[in-house]
Amino acid sequence: MKNGHSKIAHNDTYAKTVKKCFQLDSSYNAWRPGVKEQIEKQTLNSSEVMDISRNLGIAKGTVISERKKKRRRK
């Protein structure tokens with residue numbers, strides 16, 4: 001059930017059973033599901049950091065940190 005807007009103008013949703021409001025939209029693109037996988041795919045296609053950040057609409061620091069995390073996992 002819709003419950004108005006938050007301070008950042010995202011739609012809030014009210015759950016009657018839990019009696020709490022939830023924000024369904026993320027305010028930052030890097031938090032959306034599937035973005036981390038897209039970073040990995042574009043890295044494998046030898047895209048540069050600036051190209052990836054521009055395409056996905058996220059900060060270049062996020063792209064760099066994800067690449068570093070991927071290197072540590074291997």
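Being a predicted model, the structure only gives us computed values, none of them experimental.

Student: Could you clarify how one ought to interpret the overall build of the chain in this entry?
Tutor: From N to C terminus, the chain includes three helices and three strands. Element order for the chain, N to C, with α for helix and β for strand: β-β-β-α-α-α. The proportion of buried residues among the 74 residues of the chain is 22%. When the accessible surface of the chain is totalled, it reaches about 6000 Å², and 52% of it is carbon and sulfur.

Student: What should I look at first to understand the environment of Gln-42 in this one?
Tutor: Summarising the element assignment, Gln-42 is placed in helix α1 (residues 35–44). Exposure remark for Gln-42: the relative accessible area of 17% places this residue in the buried category. Taking C-alpha positions, Gln-42 is 6.8 Å from Ile-52, a pair spaced ten residues apart along the chain. Excluding residues that lie within four positions of it along the chain, Gln-42 makes contacts with Ser-47, Ile-52, Asn-55 and Leu-56.

Student: Explain α1 here, please?
Tutor: Residues separated by three or four positions in an α-helix point in the same direction, a consequence of the helix having 3.6 residues per turn. What α1 keeps buried is the set Val-35, Ile-39 and Gln-42. What you see down the axis of α1 is that its buried residues fit within an arc of 70°, all on one side. Across from the buried face of α1, at angles greater than 90 degrees, the exposed residues are Lys-41 and Leu-44. Backbone geometry just after α1 places Ser-46 at a positive phi near 60°.

Criteria and cut-off values
- Residues numbered from 1 in each chain as written.
- Predicted model: local features only at pLDDT ≥ 70, side-chain atom pairs only at ≥ 80, totals over all residues.
- Heavy atoms only, no water.
- Helix = DSSP H or I, 4+ residues; strand = E, 2+ residues; numbered from the N terminus.
- Buried < 20%, exposed > 50% of the residue type's maximum accessible area, 1.4 Å probe, protein only.
- Areas by Shrake-Rupley, 256 points an atom, 1.4 Å probe, with all protein chains shown as cover.
- Contact = heavy atoms within 4.5 Å.
- Arc of directions from axis to C-beta.

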